[in-house]
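# Structural description and commentary
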Amino acid sequence: MKTIAIDFETANEQRASACSVGLAWIEDGRVVRVEERLIRPKEMRFSSFNIAVHGIRPEHVEDAGEFPEVMDEFLDDFADATMIAHNAAFDFSVWRASLDLYRQSYPALSYLCSVKMAKSIWPHLTSHRLNVLAAHLGLSFAHHRAGEDALVCAEATLAMARAVGAAKPHEIAERIGMTAGRLFAGGYTPCTLRKR
C-alpha cells in the first residue's frame, strides 16, 4: 500500500490559493522520495501574513504551473494511496477547494491526520505542532517549506508507527481508533478519531 505525506502552502486566506506542495513517499519503513513544487495560484494575490510564514512571493511562482498541471504529475502516485497530512483538515480543504476551482473531480484515496495521531500517541507533549514534533524526534528542518514539512510529517508518522507497534503507517489508525478520511469522485469524508 502506497503512503505519501503531503503539505500545501497557500498564497492568502483562500483555501484555493495553493502556492506550493510538498510530498514525501514512505516505503518499507523509510522515506524514499521527497518532491516540492511551486504552484501559480489562479488569483495572484499573496497576503503579507502568508508571505511572512513561508517566504513565497508572486515573482517566485510566475513561471510555475497552475494547480492542475502541477498535481497531474503525481496522479498515478495518488491512485489508491494512503495520504497523510499534519492537520489534514487544512491540507485536504486546500486540495478540494483547488480542484473545485478548476472544476476537476477528486482522486480516490484515503487520508490520515498526523496531528490527531500525535495527540493520541504522545499526549504528554505541550503542543503537537510540526516544529514541536520535529524537536521531540530530534529532527531539524526549514518549517513552512512544503517539501520539508512533508518529510517531517512522514518521519513523525514512521515514529508513531513504531510507538504503537504498527508495521505500516495505515495500521496506526486501527491501533488508536482512527477512521481514515476519504476523497472520492462524489465528495469526501473527514478523518476522525474516536474519543477515549
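Keep in mind it's a predicted model, so treat the numbers as computed, not measured.

A word on the packing of aromatic side chains. This structure, assessed with the given rule, holds seven aromatic pairs. Between the aromatic rings of Phe74 and Phe78, the centroid separation amounts to 6.3 Å while the plane-to-plane angle is 50 degrees, which identifies the pairing as tilted. Like Phe74, the residue Phe78 is buried in the burial classification. Grouped by ring-pair contacts, the aromatic residues Phe8, Trp25, Phe67, Phe74, Phe78, Phe92, Trp95 and Tyr111 constitute a single cluster.

Turning next to unusual backbone geometry. One non-glycine residue, Asp28, lies in the positive phi region at around 50 degrees. Its identity is not glycine, yet Asn87 carries a phi of approximately 75 degrees, on the positive side.

In space, the seven strands of this open sheet follow the order E3-E2-E1-E4-E5-E7-E8, with mixed pairing throughout. Every other strand in the sheet has two partners, leaving strand E3 (30–38) and strand E8 (187–189) as the edge strands with one partner each. Pairwise comparison of adjacent strand axes, ignoring direction, gives a mean angle of 25 degrees for this sheet. Contacting strand E4 (82–85) and strand E5 (109–113), helix H6 (residues 114–121) crosses the sheet at an angle of about 45 degrees to E5.

At a closest axis distance of 10 Å, the pairing of H6 and helix H8 (residues 146–164) adopts a crossing angle of 35 degrees. H8 is crossed by H6, and the crossing has left-handed handedness. In this structure, H6 contributes Ser114, Met117, Ala118 and Ile121 to the contact, and H8 contributes Cys153, Thr157, Met160, Ala163 and Val164. Of the residues belonging to the contact of H6 with H8, the class tally is seven nonpolar, two polar and no charged.

All right, on to the side chain of Asp91 then. Residue position: Asp91 is located in helix H5 (residues 88–101). One buried charged residue, Asp91, forms no salt bridge at all, with the nearest opposite charge on Arg15 at 8.9 Å. Residues contacting Asp91, with those up to four places away along its chain left out, are Ile6, Asp7, Phe8, Ala85 and His86.

Rules behind the numbers
In this convention, every chain numbers its residues from 1, walking through the sequence in written order. Owing to the predicted nature of the model, reporting of local features is limited to residues with pLDDT of at least 70; listing and counting of side-chain atom pairs is limited to 80 or more, with chain, interface and lining totals taken over all residues. Each side-chain value is derived from all of the structure's non-hydrogen atoms; neither hydrogens nor water enter the calculation. In this analysis, rings of Phe, Tyr and Trp, with Trp reduced to its six-membered ring, are considered paired at centre separations within 6.5 Å, and the interplanar angle assigns stacked below 30 degrees, edge-to-face beyond 60, and tilted for intermediate values. Throughout, exposure labels follow a simple rule: accessible area from a 1.4 Å probe, protein chains only, divided by the maximum for the residue type, with under 20% read as buried, over 50% as exposed, and the rest as partly exposed. When DSSP finds two or more bridges between two strands, those strands count as paired. The numbering of helices and of strands both runs from the N terminus, where a helix is a DSSP run of H or I of at least 4 residues and a strand a run of E of at least 2. Each axis is a line fitted through C-alpha atoms, taken for helices only over the stretch in contact, and angles between the N-to-C directions span 0 to 180 degrees. Contacts between residues were defined by any pair of non-hydrogen atoms, one from each residue, lying within 4.5 Å. Crossing handedness follows the turn of the near helix against the far one: under a right angle anticlockwise gives a left-handed crossing, and clockwise gives a right-handed one. Note on residue classes: Ala, Val, Leu, Ile, Met, Phe, Trp, Tyr, Cys and Pro are nonpolar, Asp, Glu, Lys and Arg are charged, and everything else, Gly too, is polar. Charge counting follows a simple rule: Lys and Arg are positive, Asp and Glu are negative, and His as well as the terminal groups are ignored. Each salt bridge in this description consists of a side-chain nitrogen of Lys or Arg and a carboxyl oxygen of Asp or Glu lying within 4 Å of one another.

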